[in-house]
Each structure stands twice: as C-alpha cells, then as structure tokens.
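# Secondary and tertiary structure notes
What follows is the residue order along each chain.
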Amino acid sequence: MKVLILDIVHGGEILALEYAKKGYSVECVDVYGIAKEEVISELREHGISVRSKAHEGRYDLLLMPVHCPDVFLDGVEYSERKTFHEAVGELSDGRSRIEVTGVKGKTSCCYLLAHILSLDGRSIFLHTSRGQGAWRDGKHEIEKKVSIAPPSLLRLPEGYDTVIAEVSLGGSGKAELSVITNLAEDYGIAANTRKASDAKASILSDGKNIVPRSESLIWSAYRKPLICFGGRVSFLESAEIGKPARISIDYCGRHDLSLPGSYLHLQYTDTIEAVLEVCHEMGIPADQVVKGLETFNGVPGRGELKRYGKGWEITERNPGISHMSAAKILDTLERMGAVEDALLIMDPVNRKVCEKMDVEQIRDMAEKKGAGFCLAGECMPDGKSIIVRLIKEGYQ
C-alpha cells in the first residue's frame, strides 16, 4: 500500500512513522520547505521517502492537514483521501482524554480545568501550545514544547487519571469529552477553500460535546445532542485592573466567591463558563470548583497582569495572537473604562507560526477605541498607564 503524506510540519512525521510500522510504503512531502533536518533524517532512517514535491502518479492513500490547500497535489491521483485528524481518529482511542479546540481561550480552558480537577488528588497531564507535562502542586511542569496539531495526540503518555489536550483545528473525534471554546470568526483555511468550522467540528465525538450556547446552531449541524455552556457566571461588582473580582456562579446552587487580581477577569469569563460545564458533566463537587476558581492565578501570557511603574502591563503571548485577540482585549479594557489609558505594543514576527498578524488592521482598531499603538522597539509608553504586549509565538 502506497501512502502519500503532505506536510511534515504539522504532525505529518508522526503519521508517517505510524503507517511505516504497519509495513506501508510511505512518502512524505515537505510542502512548506521548513521541516527540521533532524525530522527528515529520522524519517529516512525508517525507510520513509521525504521530498520537496510529490511524484506524479497514483497512491492508495493520501493524508494531509485540513488546512493544507490542494495546490500541492499537481499530478497526484489517489484511491482514498483522509485529513490528519481523521487518520488520528482511526489510530487512537480517547480514553480518559479531554480535547479542547476553538479560536480563542483553548489554553486558558485547559489550565483552569487542570487546576480544578487536580484538587481531588487525580493525576493530570496537560498538552497545550505552551508545552506539555504533568500538572503538579498547582503548576504546569512543562517538559517540552510540541505541536498541538491533531497527530500530536498519538504521542500523549499513558498512566494519568486525566489527559487534557489542546488541539489546533479540530481533534480526534474520540475523546471522552470534547470542548469547543468558540468560533469567534469562521475564517478561511486551505487557501480559503474550506472553513475553520469544518475543521474544528472534527473534535466532536461519541462522548460528551460541550460548545458555546451562542453557537449551538452552528455546531448542531455537525452533531447532536450537544451540551451548551454559558449563563452560569455573573459579576457582583465592576471589574478593575489588578484587583480581586467578586463573582457569583450557578453550580449546584449559587456560590459567591472572589477571583485573584493577577489576570483580566472579563477576558476569562467564557473560559470559566466552559470549565464549569465540563466540571458539571464530570460530577466535580461544588466546593472543589469554588476552591479551584479562588486559587487559580491565570495562565502566564494570557491576560497576565504585572505592575509597570505606577501602572499595569498586560501580556498576551501565544501562537493564536491575531486581530481577534486585539479586538477582545480592547473590548475588555473598554468595558473597564480603561481603553484610552492603554498602549498596544505588537511583535508580529515569529518563525514557528503560520500566519502573521495584520498590523494595519490592529492599528486601526486601537485608534478607533482611543488606545495607542506601535510595533515593538518603535515607541515609548509615555503618558499611558496600561501597556498591552501582543507577542505571537509558540507552536501550532
């Protein structure tokens, strides 16, 4: 059986090794020309061909990421075609695994969930765009940085009570519990030949599927029934930067509690809503949930707050930074009456991510809201009490 795999940057090398183990003849194409030499060498050591362009001819099976355009298939014929996430679904099971995808809030959802679930003593392994490793004593012990493309699910360890995996553009369709944090914008993928919703819907499984209530019509077209989140959280007072926030949650009764002041609470509201629904479906006791929320300090680089002179510095540091990220944080600051005190400093360059931020679009949004804007290294934060650093980096 001849297998052709396009793209060895987003997990194709993992699939290549899996199919080679089955005795198949595997050919890989480094379509973007940026695969690491050690990855190419490992594949060749296992008898796998690696090329810059696919040979013309017929293959029994074609595998490619859902976001990869067909432009790389010139002269290629195939008997069967599968996306990476479809292949992963056939090669794995989802026992004790929670998968999380979405446009925004994936990492925050995974971290908060890990923190709450760990409080009853269960062992947690966390796989996110910040890295992967065990969650111990309220911290993520990151062992290594890895891709969160669907094939990475095939390399998750066993022996943990719960594995929480962030996945880009979909999932395996095998998880015991799947979460879509949001769609936010149904942007085009694969050279605008497909939509992000088509890819992300692949995470929906035969287990429990949790989606935003506001997007239930979108996701119900792919699978029913769905469990919807939203409406459990309310603020008891106006949120202020750097101060604890009083909230009320509807979780097996009403509970009033205080969130720490180390992150932007309004930016985490949807994350808290999603996690509360997951915990409810898992039967987590209310006292454990409340304790988890009151002791969670946010995710480093995700709405993270630190003192900056007499003002504050907010850090947004992740591979998913985009105009949507900027819009969300501007809206959050506007709701807090602080947007005109803010300066957005943007670093759009990173080699490990596929897309660059739209500088002019973000500049226009900031100026319309009354906030300042500049590129890293090109301005000083004079006169602004809130510095927002948008840094696009990490693994996808």
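See the structure printed just above.
All figures in this text were calculated on a predicted structure; none of them were measured in a lab.

Rules behind the numbers
Residues numbered from 1 in each chain as written. Predicted model: local features only at pLDDT ≥ 70, side-chain atom pairs only at ≥ 80, totals over all residues. Heavy atoms only, no water. Pairing = 2+ DSSP bridges. Helix = DSSP H or I, 4+ residues; strand = E, 2+ residues; numbered from the N terminus. Axes fitted to C-alpha atoms, helices over the stretch in contact; angles between N-to-C directions. Contact = heavy atoms within 4.5 Å. Phe/Tyr/Trp six-rings, centres within 6.5 Å; stacked < 30°, edge-to-face > 60°. Buried < 20%, exposed > 50% of the residue type's maximum accessible area, 1.4 Å probe, protein only. Lys NZ or Arg CZ within 6 Å of the ring centre and 35° of its normal. Arc of directions from axis to C-beta. Parallel < 35°, antiparallel > 145°, perpendicular 65-115°, else oblique. Left-handed = near helix turned anticlockwise from the far one by under 90°. Nonpolar A, V, L, I, M, F, W, Y, C, P; charged D, E, K, R; others polar.

### Structural notes on the sheet that holds strand β3 (residues 49-51)
Taking strand neighbours across the sheet as the criterion, the five strands line up as β3-β2-β1-β4-β5 in an open arrangement whose pairing is parallel. Of all strands in the sheet, those bounded by a partner on one side alone are β3 and β5 (76-83). Here the strands of the sheet are splayed against their neighbours by 25° on average, with no regard to which way each runs. Its contacts with the sheet place helix α3 (residues 84-91) against β1 (2-6), β4 (57-64) and β5, and it is angled at close to 65° to β5.

### Regarding the packing of aromatic side chains
The relative placement of two aromatic rings is captured by the distance of their centres and the angle of their planes. Enumeration according to the criterion identifies eight aromatic pairs in this entry. Ring centres of Trp219 and Tyr222 lie 6.0 Å apart, and the angle between their planes is 40°; this geometry places the pair in the tilted category. Taking relative accessible area as the criterion, Trp219 reaches 0% and is therefore assigned buried. What makes Tyr222 partly exposed here is its relative accessible area of 37%. Through successive ring pairs, a cluster of aromatic residues spans Tyr263, Tyr268 and Phe296. Lying across the ring of Tyr59, Lys2 places its NZ or CZ 4.9 Å from the centre.

### Notes on helix α10 (residues 359-369)
Count 3.6 residues to each turn of an α-helix, and residues three or four apart come out pointing the same way. Those residues of α10 not exposed but buried are Val359, Ile362, Met365 and Ala366. The buried residues of α10 occupy an angular sector of 135° when projected down its axis, which confines them to one face. For α10, the exposed residues lying more than 90 degrees away from the buried face are Glu367 and Lys368. Packing partners of the buried residues in α10 comprise α9 (323-335), β21 (342-347), β22 (372-375) and β23 (386-392). After α10 finishes, the residue Gly370 shows a positive phi value of roughly 90°.

### Examining the packing of helix α1 (residues 12-21) against α3
Direction vectors running N to C along α1 and α3 enclose 45°, while the axes themselves pass 11 Å from each other. In terms of their interaxial angle, α1 and α3 are classed as oblique. α1 and α3 meet at a crossing whose hand is left-handed. Two secondary-structure elements touch here, α1 through Gly12, Leu15, Glu18 and Tyr19 and α3 through Phe84, Ala87, Val88 and Leu91. Its residues assigned to classes, the contact of α1 with α3 shows six nonpolar, one polar and one charged.

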